[in-house]
Amino acid sequence: MHNVCLGGMKSLLKLWVETSGKSYSLTPAQKCIIDSRIEAVKRQVCTDFSRTPRPLTDLKWFKATELRLLLLYLGPFIFLNVMSDAYYNHFLKLHAAIRILCHPVKYQTENDKAKNLLEAFGHEFMTLYGEHRFVYNFHLLTHLPDDCLLHGCLDSFSAFPFENYMQTLLRYVKKSSYPLQQFRNRFGEHLKYDVTKKALLRQRGSSYSVITNRQNTIISIDGRDNFICKENQIFKVQNIKRVGKHMILDCNAVMELNSLYVEPMESIANGVYYCRDELIFCDVMMSIDANEVTKVQRIVLDEITGFIEVLHTGV
């Protein structure tokens, strides 16, 4: 949260947005294009994310979750063909590396690739932005792959859960006097009754309109939550039904998917896809277990439709 999002990603955005007259500075026209894309995407963000993106004019108030949304999901589409290739491709190195380290399997199997990307990101940063801007936060990025081998994927030892729990702690205190006693009493009640969030399940006749699967992702037959991924194939959910103890998704596969970028790696291998013009679906309906899929964020911008596998849903 602090090193990658509030450190690296926010520093990059500030260099692009808050400086002028530099080769990496965004012009007013470029900022306008990016803000218009953010506004368009804002209505498309799936419900698993706690915040929707804000325009660049609000950068100093960006929360870490908004920066993570830009880095892992929206950035490659929002910045596409707006920035110069050198700075866009440099950003993609950070995007690709952090997506690998956030993946529950690839953080181990492709750890060396993530390390090489982050080291290349650091060296290119000094060339593109100047050695004097290469602060300790950027150096720390190169150690993240080793940390992941010790502790698990990035979300396994992220500070996000602690930051979000502050809201819960504040709700325990109802008045200014005796805050510690109030917290102790409310927290004791929480432990005693073990209040947990109920899984989302909405039935519509003999089928279901919304469910929550084992990965704690919301899957729906309409709206922003009806695209999923299995084995590098994107599907649109048409119907949800129960078969025994399993929730089954009736889906159509999306055809003619391409890589959004090929450098620093094929984006399809990192869960990022796109197709031009209208979507083409396979006529054959497939039935897939809801617990065997990952959620997908769809983005429609200009003449392309993008799909990005969701890597985290806990916070």
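Here the residue index of a chain counts from 1 through its sequence in written order. Two thresholds apply to this predicted model, a pLDDT of at least 70 for residue-level local features and 80 or more for giving and counting side-chain atom pairs, whereas whole-chain, interface and lining totals are computed over all residues. Heavy atoms from the whole structure form the basis of all side-chain values; hydrogens and water molecules are not counted.

Mapped onto the fold, D48 is located in the loop between α2 (28–42) and α3 (64–78). Polar contact is defined as a pair of N or O atoms within 3.5 Å, subject to the rule that within protein one atom must be able to donate a hydrogen and the other to accept it, and that residues adjacent in sequence are counted only when both atoms are side-chain atoms. Among the polar contacts made by the side chain of D48, one reaches the main-chain amide nitrogen of I218 at a distance of 3.1 Å. Within polar-contact distance, the side chain of D48 engages the side chain of K295 at 2.2 Å. Strands here are runs of E lasting at least two residues and helices are runs of H or I lasting at least four, both read from the DSSP assignment and numbered beginning at the N terminus.

In this analysis, the protein atoms alone were mapped onto a 1 Å grid. Cavities are point sets where a 1.4 Å probe fits without being able to get out; pockets are open sets with protein on both sides within 12 Å along at least five of seven lines; lining residues have an atom within 4 Å of a point. Grid points are joined across faces, edges and corners, and a volume is the space filled by probe spheres set on the points. Approximately 410 Å³ is the volume found for the second largest pocket. Lining the second largest pocket are 22 residues, and of these H103, P104, T294, E309 and V310 sit closest to its centre. Looking at the lining of the second largest pocket, the elements that each hand over two or more residues are β4 (227–230) and β10 (294–301). Residues lining the lining of the second largest pocket come from more than one domain, with at least three contributed by each of domain 1 (3–151) and domain 3 (210–309). The split into domains, and so the bounds of each, comes from an automatic or database assignment of domains.

A separate point is α2. To estimate how far a helix should reach, multiply one less than its number of residues by 1.5 Å. Its 15 residues give α2 an end-to-end C-alpha distance of 21 Å, which sits within 8% of 21 Å, the value for a rise of 1.5 Å per residue. Three exposure classes are used, based on accessible area relative to the maximum for each residue type with a 1.4 Å probe and protein chains only: buried under 20%, partly exposed in between, and exposed over 50%. Those residues of α2 that fall on the buried side of the exposure criterion are Q30, I34, D35, R37, I38 and V41. Buried positions in α2, seen along its axis, are confined to an arc of 160 degrees and lie on one side of it. Within α2, the exposed residues directed more than 90 degrees away from the buried face are P28 and C32. Whether two residues are in contact is decided by their heavy atoms: any pair within 4.5 Å suffices. Structurally, α2 contributes buried residues whose contacts are with α3 and β10. As used here, the arc is the angular range of directions from the helix axis to the C-beta atoms.

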